[in-house]
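Structure at a glance
What follows is the residue order along each chain.
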Amino acid sequence: MTGSLRIIKEQVQGNVHITVFHLRGWLDMQGEELLLATARDSYEEGSRYLLLDLAEVIALTSAGIRAMQKVYKIFTPAEERSKLRRVKLCNAPQQIYNVLGITGFLLTIENYKSMQAAIDSFTE
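Residues numbered from 1 in each chain as written. Predicted model: local features only at pLDDT ≥ 70, side-chain atom pairs only at ≥ 80, totals over all residues. Heavy atoms only, no water.

Remarks on the nonpolar core
Heads up, the rule is: The nonpolar core is taken to be a set of buried Ala, Val, Leu, Ile, Met, Phe, Trp, Tyr and Cys residues, with the residues joined through side-chain atoms within 4.5 Å. Exposed residues in this analysis have more than 50% of their type's maximum accessible area, buried residues have under 20%, and partly exposed residues fall in between, with area computed by a 1.4 Å probe over protein chains only. Put simply, DSSP H or I for four residues or longer makes a helix, DSSP E for two residues or longer makes a strand, and each gets a number counted from the N terminus. Only heavy atoms enter the contact rule, under which two residues are in contact if any of them lie within 4.5 Å.
Counting 26 residues, the largest nonpolar core has Leu-23, Leu-35, Leu-52, Leu-54, Met-68 and Leu-100 as its most contacted members. Listed by contribution, the elements that provide at least two residues to this core are β2 (17-27), α1 (29-44), β3 (50-60), α2 (62-75), β4 (87-90) and α3 (94-102). At six residues, α2 tops the list of elements feeding residues into this core. Beyond its immediate stretch of four places on either side in the chain, Leu-52 contacts Phe-21, Leu-23, Leu-35, Met-68, Val-87, Lys-88, Leu-89 and Cys-90. The next biggest cluster of nonpolar side chains, apart from the first, holds 12 residues, and it includes Val-12, Val-16, Leu-84 and Tyr-112.

Below, the structure is given as structure tokens:
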């Protein structure tokens, strides 16, 4: 049985203005387009820094990893990818963290143990 993906969007102010997506459910092929559409909309509305809160993600598939990689590309221009982290993760449950680590995904997008630690890490 799969659980559909839900996204709750929040705006927070740290060193920069940050959009937080609280993801709930399965981040799989069925949730991929929802995540991408929500990210595109946020970017078009002016968001430039994004935090993905994975605390309530139940399962992560290759399609979910692909979706997060595409979100990273939406928010991070190619010329900035080695200099500035505009997308970060937080609160990944251990099983999700393990998948991200095994795939090498965490080399591109950092994960923080708490939302506040991630918020504090963003800089211009």
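Still more ground to cover, so stick around.
Structural notes on the packing of α1 against α2
We count it as follows: For helices, the axis comes from a line fit to the C-alpha atoms of the stretch in contact; other axes are also lines fit to C-alpha atoms, and the angle between any two N-to-C directions lies between 0 and 180 degrees. Working definition: roughly parallel below 35 degrees, roughly antiparallel above 145 degrees, roughly perpendicular at 65 to 115 degrees, and oblique for all remaining angles. In this count, Pro and Cys sit with the nonpolar residues alongside Ala, Val, Leu, Ile, Met, Phe, Trp and Tyr, while Asp, Glu, Lys and Arg are called charged and the others, Gly among them, polar.
For the pair α1 and α2, interaxial distance at closest approach is 9 Å and the crossing angle is 10 degrees. As far as their axial angle goes, α2 and α1 are roughly parallel. Taking contact as the criterion, the partners of Met-29, Glu-32, Leu-35, Leu-36, Ala-39, Arg-40, Ser-42 and Tyr-43 in α1 are, on α2, Ala-63, Arg-66, Ala-67, Met-68, Lys-70, Val-71, Ile-74 and Phe-75. Considering only residue class, the contact of α1 with α2 consists of 11 nonpolar, one polar and four charged.

Things to note about the sheet that holds β3
Stated precisely, the cut-off is as follows: At least two DSSP bridges between two strands are needed for those strands to be called paired.
Reading across from one edge, β1-β2-β3-β4-β5 is the order of the five strands in this open sheet, with mixed pairing throughout. Because the sheet does not close on itself, it has two edges, and the strands there are β1 (6-13) and β5 (111-112). Across eight bridges, the pairing between β2 and β3 is parallel. Counted as the bridge partner of Gly-25 is Val-57 from β3.

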